[in-house]
Amino acid sequence: MKKLVVMVVLAVAILSCNKKEPVAENIDYSEDSITVPETNEPALIYNPVEYSPAQISDFLAEKDNDTLYVTNFFATWCAPCMREMPHFKEKMQELKGQPVKFTFVSLDQKTDWPTDVKNFAEVNGLTENVVLLDGSLLQEEFFSSNFKNWDGSGIPFTFMRKRGQTDEYMSMMTKEQLDTKINSFK
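Below is a summary of the structure that appears in this document. Owing to the predicted nature of the structure, the values given are computational and were not obtained by experimental measurement. (Residues numbered from 1 in each chain as written. Predicted model: local features only at pLDDT ≥ 70, side-chain atom pairs only at ≥ 80, totals over all residues. Heavy atoms only, no water.)

Along the chain, Asn129 turns up in the loop between α4 (113-123) and β4 (130-133). Residues contacting Asn129, with those up to four places away along its chain left out, are Met92, Phe102, Thr103 and Phe104. (Helix = DSSP H or I, 4+ residues; strand = E, 2+ residues; numbered from the N terminus. Contact = heavy atoms within 4.5 Å.)

Put into C-alpha cells, the structure is as follows:
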C-alpha cells in the first residue's frame, strides 16, 4: 500500500507542472559575426551522473565543513523550474570561488536524459552541476528521512544545508528569495 501511495504522490508531483514544449526561435546563426577566441581550457562535455536515492540521501547529509550545499530538484518540462534557473545561475557566478556548491537534481524521465536534460545542461553551462535521479525509485521513506516539509508532491524544490543548519523551499524562488536564503547561512 505504501508503494501505491508513493507512486501516486510521485505521479501527482510530475503532473503538477505543465509539460511544455520548448519554444525555438527562428534565428539563423549561419551568418553570426561573433568570433570565439581559442582557449587552452578543455570544453565542458556533459557527462551525466545517475544517482540512486541512497546516493542522493548521502549527498544531502550533514557534512563537517563550511560549504553551503544548495540542491535544487527540477525537471526540464517544469515551467516554474525553468523560470527560477537564471537566478541560480546568477548566484553561482556571484559566489564563484566561495564555499558554495550548487547541484541540480533532474527528475525528468529517463527517456529525456540524453536529449532534454543534456541540452538544458549544455545550453545553461551547468554540465558539472546536473545529476540524474530516476524518480520512479523514490519511496516515501526517502522524503521523510531527508526533508522536514517536502513529500515529493511538487517541484521545484530547493534544499540548502551548511553543517546542521538547513532550509527547504517548495516552489519557484525569486532572485530576492534566493539571496535571502543564501545570506541566512552566513
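Take helix α3 (residues 79-94) next. Between its first and last C-alpha atoms α3 spans 24 Å; for 16 residues at 1.5 Å apiece the expected length is 22 Å, and the two agree. In α3, a bend of some 30 degrees at Met85 exceeds every other bend along the element, and Pro86, a proline, comes one to four places later. Every buried residue of α3 is listed here: Cys81, Glu84, Met85, Phe88, Lys91 and Met92. Where α3 is buried, its residues contact β2 (68-74), β3 (100-106), α4, β5 (157-162) and α6 (175-183). (Expected span 1.5 Å × (residues − 1). Bend = angle between axes of the 7 residues up to and from the residue. Buried < 20%, exposed > 50% of the residue type's maximum accessible area, 1.4 Å probe, protein only.)

A separate point is the pairing of β2. The buried fraction of β2 is high, at seven of seven residues. Because side chains alternate across β2, one face comprises the buried residues Leu68, Val70, Asn72 and Phe74, and the other comprises Tyr69, Thr71 and Phe73, equally buried. Assessed by its sense of winding, the connection that carries the chain from β2 through α3 to β3 is right-handed. Pairing between β2 and β5: five bridges, direction antiparallel. The residue of β5 that forms the bridge with Phe73 is Phe157. (Right-handed = clockwise from strand over helix to strand, strands pointing away. Pairing = 2+ DSSP bridges.)

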